Amino acid sequence: MPLAQGITLGPYEIQSLLGSGGMGEVYLARDTRLQRTVAIKILPSHLSSNPDLHARFVQEAKSISSLQHPNICVLYDIGSQDGMDFMVMEYVAGKTLDRVIPKEGLLANVATKYAVQVADALARAHASGIVHRDLKPANIMVDDSGVVKVLDFGLAKLAAAESATGDTDATIAATGTATTPGMIVGTLAYMSPEQAESKPFDARSDVFSFGAVCYEMLAGIRAFDGDSSAALLAAVMRDDPKPLGDLNRDVPPELRRIVARCLKKKPADRYSSGTELAQELKSCRE
């Protein structure tokens, strides 16, 4: 049941529900000490009630709070009240990328502008040993001035911790919102083949997810799709997406090459990290 307006979590006063999903609920709130607007994620009870996961949550939050970067949503605080763990983050006014992309796709220069910022955010995280694991358009915010903020580093790392425990309550998401019981954590349409097969993953998994996001920005459709979770899983692991040039002839060949390399099935064939990817994109932009 959503929290009512006016309820307080420590010094934070709940104002309204912003959204919800398999990994918790997000609220608009007011920090009564510093008099600023914040976003609060309430974690689901099956995470908060597990002592091991709670300890991992605290440890991961410490690491994520160090990610100071203009394209990463800032983690301000964490807390626990009435059996609920929560994290307090910077409130970003704008639209998520999935609501920004038109049916025909973005102009190549606009998509590149956003892509460079996302790659810079990943570069910062990867340099700190942090893998996002759930990069998708719904986790990327764009404000009115075109500044991009990557969201949900905290929940992505918490999800990774849950998977490591072997907990069968992990979730697999076939769309940006719906979840069904399974053994894979993430959003299937954007996850790498190695994640889909529950194999070890690293920064190159984020590079694959980035490629799927960038493809969608340019084409207006997802790189991988299917009528069911099983069909979507098979497409991610087996199929190559339609060539970008066939869907949008205005995409420069060099940009098409970068996206295609990101979407290689074998991690060794992709860019090694967000750092290498960002360098390539900036050269392409110039």
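Our structure is the block above this text.
Residues numbered from 1 in each chain as written. Predicted model: local features only at pLDDT ≥ 70, side-chain atom pairs only at ≥ 80, totals over all residues. Heavy atoms only, no water.

## Overview of the overall build of the chain
- Scanning the chain from terminus to terminus reveals 11 helices and 12 strands.
- Among the 286 residues that make up the chain, the fraction classed as buried is 50%.
- Taking the intrachain contacts of the chain between residues at least 6 apart in sequence as the baseline, contacts between residues at least 24 apart amount to 59%. (Helix = DSSP H or I, 4+ residues; strand = E, 2+ residues; numbered from the N terminus. Buried < 20%, exposed > 50% of the residue type's maximum accessible area, 1.4 Å probe, protein only. Contact = heavy atoms within 4.5 Å.)

## What to know about the nonpolar core
- The biggest cluster of nonpolar side chains holds 64 residues, and the ones touching the most others in it are Phe210, Met217, Leu218 and Leu281.
- With residues near it in sequence (within four places) discarded, Leu281 still touches Thr112, Ala115, Val116, Ala119, Phe210, Leu255 and Ile258.
- Core analysis: the second largest hydrophobic core is formed by 12 residues, Leu3, Tyr12, Ile42 and Met84 among them. (Core = buried A, V, L, I, M, F, W, Y, C linked by side-chain atoms within 4.5 Å.)

## Focus: the pairing of strand 2 (residues 12–21)
- Direction of pairing for strand 1 (residues 8–9) relative to strand 2: antiparallel, over a ladder of 2 bridges. What sits directly across from Thr8, in strand 2, is Glu13.
- With antiparallel pairing between neighbouring strands as the criterion, strand 1 and strand 2 make up a hairpin whose turn holds 2 residues, including Gly10 at a positive phi of roughly 60 degrees.
- Pairing analysis gives 8 bridges linking strand 2 to strand 3 (residues 24–31), with the strands arranged antiparallel. Opposite Glu13, over in strand 3, you have Arg30 as the bridge partner. (Pairing = 2+ DSSP bridges.)

## Considering the state of the cysteines
- Under the defined criterion, the tally for this structure stands at 0 disulfides.
- For Cys262, which is in no disulfide, the shortest distance to another cysteine sulfur is to Cys214 and amounts to 7.1 Å. (Disulfide = S-S within 2.5 Å.)

## A word on the packing of aromatic side chains
- Counted by the stated rule, this structure contains 1 aromatic pair.
- Taking the centre distance of 5.8 Å and the plane angle of 10 degrees together, the rings of Phe208 and Phe224 count as stacked. Separated by 16 residues along the polypeptide, Phe208 in helix 7 (residues 203–219) and Phe224 in the loop between helix 7 and helix 8 (229–238) bring together distant segments of the chain. Of the two residues examined, Phe208 and Phe224, each falls in the buried class.
- In this structure, Arg36 is placed above the aromatic ring of Tyr76, and the distance from its NZ or CZ to the ring centre is 3.7 Å.
- Lying over the aromatic face of Tyr271, Arg261 brings its terminal NZ or CZ to 4.1 Å of the ring centre. (Phe/Tyr/Trp six-rings, centres within 6.5 Å; stacked < 30°, edge-to-face > 60°. Lys NZ or Arg CZ within 6 Å of the ring centre and 35° of its normal.)

## What to know about the sheet that holds strand 2
- In space, the 6 strands of this open sheet follow the order 1-2-3-4-6-5, with antiparallel pairing throughout. The open sheet has two edge strands with one neighbour each: strand 1 and strand 5 (75–81).
- Where strand 5 lies against strand 6 (residues 84–90), 6 bridges are found, and the strand directions are antiparallel. Directly across from Leu75, in strand 6, lies its bridge partner Met89.
- Strands in contact with helix 2 (residues 51–64) are strand 5 and strand 6; relative to strand 5, the strand with the most contacts, it is inclined by about 165 degrees. (Axes fitted to C-alpha atoms, helices over the stretch in contact; angles between N-to-C directions.)

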